[in-house]
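Residue strings, one per chain:
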Amino acid sequence: MSPAATLASAALAEAAGAIRRAQRVLVLTGAGVSAESGIPTFRGQGGLWEGFRAEDLATPEAFQRDPARVWRWYRWRRAIYGGCEPNPAHAVIARMEPRFPEFLLATQNVDGLHRRAGSRRLIEIHGTIDVMRCSVCSERAPWPDDAVPDADPVPRCNHCGGAMRPHILWFGETYWPGVLEHCQRFAGEADVVLVAGTSATVWPPAALALHGKRSGAFLIDINPEPTPISEVADVHLRGSAGALLPALWDRCSRP
Ligand SMILES: [Zn+2]
């Protein structure tokens, strides 16, 4: 075994040991985990749609100006999500869940792949493409059936008639009350915090990971590239979540 492979194997064993001892596990996932299912980020370079950038569509102002356009964009995105499948990282996280007395998955991803993989104890901190919400009274409803011909381009609220919008956190909006607080409390009492596929430049996951670490959790970071979280993590497993999470879970299951 090469020195690098020996190191990687030792890191895997150390992470597996911490997970085996854990009663309370927090998993944080981000765009990297979805990317392995082929889901694009819709942001940055080349992310134009009908001449608009994601940053110009995912805002309350864009919705006020042209709600039908925002709906078209999200329907298009949801169709792409529908063509993607959960990958081994999603599957392993779903399999981990029932093995711990306390378990929470907090994801930044809105594509619903974690739920499709079977995760139930999860918080989608940026919302989900499977739910819509009234822009007036906040009543929530399942996403409309996009296959219905001539459907209203902007669905209406059954309660107040207001315009429904995707239940997704947009640029310039604050987190829904209680969401981050709940994750923060969980992180503060976690034995293990496992971060996968999220860049530490997005602060809520980074802040949760660091809070967990400061409160005594064993911090595991799985990322192809080192991030500020990797630097403080007890173990940084360098590579894709789709490859490393199954390897890690397999290691946990061995005596
Ligand atoms: Zn309403």
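Residues numbered from 1 in each chain as written. Predicted model: local features only at pLDDT ≥ 70, side-chain atom pairs only at ≥ 80, totals over all residues. Heavy atoms only, no water.

1. As for the coordination of the zinc ion
For step 1, the next point in the chain: Distances from the zinc ion to its protein donors, C134 (SG), C137 (SG), C157 (SG) and C160 (SG), fall at 2.3 to 2.4 Å.
For step 2, the next point in the chain: Angles of 101 to 118° at the metal separate the 4 donor atoms of the zinc ion, which places the site in the tetrahedral class.
For step 3, the next point in the chain: Written as a sequence motif, the donor residues of the zinc ion are C-x2-C-x19-C-x2-C.
For step 4, the next point in the chain: The buried category is assigned to C134, whose relative accessible area is 1%. (Donors = N, O, S within 2.8 Å, 3.2 Å for Na, K, Ca; no water. Tetrahedral: all angles 85-135°; square planar, octahedral: opposite > 155°, others 65-115°. Buried < 20%, exposed > 50% of the residue type's maximum accessible area, 1.4 Å probe, protein only.)

2. Structural notes on the pattern of salt bridges
For step 1, the next point in the chain: A complete count under the given rule lists 13 salt bridges for this structure.
For step 2, the next point in the chain: We note a salt bridge from R78 to D130, for which the minimum N-O separation is 3.0 Å. With R78 in helix α5 (residues 67-82) and D130 in strand β4 (residues 127-134), the pair connects residues that are 52 residues apart, well separated along the chain.
For step 3, the next point in the chain: Since its relative accessible area comes to 25%, R78 is described here as partly exposed.
For step 4, the next point in the chain: Residues K213 and D234 are paired through a salt bridge, measuring 2.9 Å at the closest nitrogen-oxygen approach. Highlighted residues: K213 in helix α9 (residues 203-214) and D234 in the loop between α10 (228-232) and β9 (235-238), separated in sequence by 21 residues. (Salt bridge = Lys/Arg side-chain N within 4 Å of Asp/Glu carboxyl O. Helix = DSSP H or I, 4+ residues; strand = E, 2+ residues; numbered from the N terminus.)

3. As for the domain arrangement of the chain
For step 1, the next point in the chain: Once the domains are mapped, the chain shows domain 1 (1-38 + 86-126 + 174-255) and domain 2 (40-83 + 128-168).
For step 2, the next point in the chain: Placing a centre on the C-alpha atoms of domain 1 and another on those of domain 2 gives a separation of 29 Å.
For step 3, the next point in the chain: Residue-level contacts link 9 residues of domain 1 with 10 residues of domain 2.
For step 4, the next point in the chain: Each partner contributes to the roughly 810 Å² buried at the junction of domain 1 and domain 2, and carbon and sulfur atoms together form 54% of this total.
For step 5, the next point in the chain: If you sort the residues of domain 1 by the area they bury against domain 2, V110, D111 and W176 come out on top, with a joint share of 53%.
For step 6, the next point in the chain: Across the domain 1-domain 2 interface, the total number found is 1 salt bridge. (Domains from an automatic or database assignment. Contact = heavy atoms within 4.5 Å. Buried area = accessible area lost by both parts, 1.4 Å probe.)

4. Details of the layout of surface pockets
For step 1, the next point in the chain: When its volume is computed, the largest pocket comes out at roughly 840 Å³.
For step 2, the next point in the chain: Residue lining of the largest pocket: 32 residues in total, with T41, R43, Q108, H126 and F171 positioned closest to the centre.
For step 3, the next point in the chain: The element that contributes the greatest number of residues to the lining of the largest pocket is α5, accounting for 4 residues.
For step 4, the next point in the chain: Looking at side-chain class alone, the lining of the largest pocket contains 19 nonpolar, 9 polar and 4 charged residues.
For step 5, the next point in the chain: Among the domains, domain 1 (1-38 + 86-126 + 174-255) and domain 2 (40-83 + 128-168) are the pair contributing at least three residues each to the lining of the largest pocket. (1 Å grid on protein atoms, 1.4 Å probe; cavity = no way out; pocket = protein on both sides within 12 Å on 5 of 7 lines; lining within 4 Å. Points joined across faces, edges and corners; volume = space filled by probe spheres on them. Nonpolar A, V, L, I, M, F, W, Y, C, P; charged D, E, K, R; others polar.)

5. Brief notes about the packing of aromatic side chains
For any pair of aromatic rings, the description consists of the separation of the ring centres together with the inter-plane angle of the planes.
For step 1, the next point in the chain: For the structure shown, the criterion picks out 7 aromatic pairs.
For step 2, the next point in the chain: A centroid spacing of 5.6 Å and a plane angle of 45° characterise the contact between F63 and W170, whose relative ring orientation is tilted. Here the residue F63 occupies a position in helix α4 (residues 60-65), and W170 occupies one in the loop between β6 (164-168) and α8 (179-189), the gap between them amounting to 107 residues. Residue F63 shares its accessibility class with W170, and that shared class is buried.
For step 3, the next point in the chain: Seen from their ring centres, F100 and F103 are 6.3 Å apart, and the 20° between their planes marks the pair as stacked. (Phe/Tyr/Trp six-rings, centres within 6.5 Å; stacked < 30°, edge-to-face > 60°.)

6. Quick word on the pairing of β9
For step 1, the next point in the chain: On β9, burial follows the alternation: V235 and L237 on one face are buried, whereas H236 and R238 on the facing-out side are not.
For step 2, the next point in the chain: In terms of strand pairing, strand β8 (residues 218-223) meets β9 through 4 bridges, oriented parallel. Each bridged residue has a counterpart across the sheet, and for I220 the counterpart in β9 is V235. (Pairing = 2+ DSSP bridges.)

7. Points about the environment of R185
For step 1, the next point in the chain: As for its position among the elements, R185 is in helix α8.
For step 2, the next point in the chain: Between the C-alpha atoms of R185 and V110, which are 75 residues apart in sequence, the distance is 22 Å.

8. What to know about the sheet that holds strand β1 (residues 24-29)
Each strand in a sheet pairs with its neighbour through backbone hydrogen bonds, running either in the same direction (parallel) or in the opposite one (antiparallel).
For step 1, the next point in the chain: An order of β3-β2-β1-β7-β8-β9 is seen for the 6 strands of this open sheet, with the pairing classed as parallel. One side of each edge strand has no neighbouring strand; the edge strands of this open sheet are β3 (122-124) and β9. With strand direction ignored, the average angle separating the axes of adjacent strands in the sheet is 15°. (Axes fitted to C-alpha atoms, helices over the stretch in contact; angles between N-to-C directions.)

9. Quick notes on the sheet that holds strand β5 (residues 140-142)
For step 1, the next point in the chain: What the 3 strands build is an open sheet, ordered β5-β4-β6; its pairing is antiparallel. Unpaired on one side and paired on the other, β5 and β6 mark the two borders of the sheet. Strand-to-strand twist across the sheet, computed as the mean angle between neighbouring axes with direction ignored, equals 45°.
For step 2, the next point in the chain: Bridge count for β4 against β6 is 5 bridges, and the pairing is antiparallel. If you follow R133 over to β6, its bridge partner there is R165.

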